[in-house]
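Here is how the chains run, residue by residue.
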Amino acid sequence: KSTLPAGVVTIAAVGDIVMGSTPNLPQDGGKSFFDGVQTDLAGDVVLGNLEGTLSVGGGSKCGAGSTNCYAFQTPPSYAAWLKKAGFTVLNLANNHAYDYGPPGQAQTLAALEKQRLATTGRPGEVAYQQVGEVKVAIVGFAPYSWAQPLTDIPAARRLVKKASANADVVIVTMHAGAEGTDHTHVRPGTETY
């Protein structure tokens, strides 16, 4: 039981989460993946950036024979390890959330929903979490077509305003970098992601 006063919300947030990618998965099926950081993932709201899909099969964004493209696909069952680790909400606004297109995204959403894990980051999407008397909204942004647009400032303001009207606290997260805005990003001298 928490010794924090009423109205206090604790937040833990992490960046990119990749729990392996088929066929290169942990030997124990991911069961111990978060063991070394379990105590760091303590909070009322535990937010992570799910970098990849929780899916099987389907077509990858990487072309056949590609040697410098990465598409991450982890089995849907690994959503249970996210829940066990303490996550409450996953950001899907990132460059790998659509690695296996609409079918991969649908499987990811179903796997997270099965574990009662909230998502944020898709266009217009706000995750809400009730923590005691405090309602928390979480909004994710990224510069990709399948995500809530990071660079459309008027739309971002509207979404944050909507979230604020329906919650006591709003958490905003973003995933961005020096890469392009499509799903095969190239930085000079590096690999395609």
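Here the structure is shown first, and the text comes after it.
What you see is a predicted model; the values in this text were computed from it and never measured.

Q: Looking at this structure, how should I read empty space enclosed by the protein?
A: Over the atoms, a rolling probe the size of a water molecule traces out where space has been left empty. Tallied over the entire structure, the rule returns two cavities of 30 Å³ or more. In this structure, the largest cavity occupies an estimated 50 Å³ of space. The wall of the largest cavity is formed by Ile17, Val18, Met19, Leu50, Glu51, Gly52, Thr53, Leu54, Phe72 and Thr74. For the lining of the largest cavity, the residue count by class is six nonpolar, three polar and one charged. Considering only enclosed or pocket space, the second largest cavity measures out at about 30 Å³ in volume. A per-class count over the lining of the second largest cavity returns three nonpolar, two polar and three charged.

Q: Looking at this model, I keep getting lost on helix H2 (residues 101-114). Mind explaining?
A: In an α-helix, one full turn covers 3.6 residues, which means residues spaced three or four apart are oriented alike. Here H2 contains 14 residues, and its C-alpha end-to-end distance of 20 Å stays within 8% of the 20 Å for a straight helix at 1.5 Å per residue. Those residues of H2 that sit buried are Gly101, Gly104, Gln105, Thr108, Leu109, Ala111 and Leu112. Mapping the buried residues of H2 onto a view down its axis gives an arc of 165°, with all of them on the same face. Turned more than 90 degrees off the buried face of H2, the exposed positions are Pro102, Glu113 and Lys114. Residues of H2 that are buried make contact with strand E2 (45-50), strand E3 (53-54), helix H1 (79-85), strand E5 (89-91) and strand E6 (118-120).

Scoring rules and cut-offs
Residues numbered from 1 in each chain as written. Predicted model: local features only at pLDDT ≥ 70, side-chain atom pairs only at ≥ 80, totals over all residues. Heavy atoms only, no water. 1 Å grid on protein atoms, 1.4 Å probe; cavity = no way out; pocket = protein on both sides within 12 Å on 5 of 7 lines; lining within 4 Å. Points joined across faces, edges and corners; volume = space filled by probe spheres on them. Nonpolar A, V, L, I, M, F, W, Y, C, P; charged D, E, K, R; others polar. Helix = DSSP H or I, 4+ residues; strand = E, 2+ residues; numbered from the N terminus. Expected span 1.5 Å × (residues − 1). Buried < 20%, exposed > 50% of the residue type's maximum accessible area, 1.4 Å probe, protein only. Arc of directions from axis to C-beta. Contact = heavy atoms within 4.5 Å.

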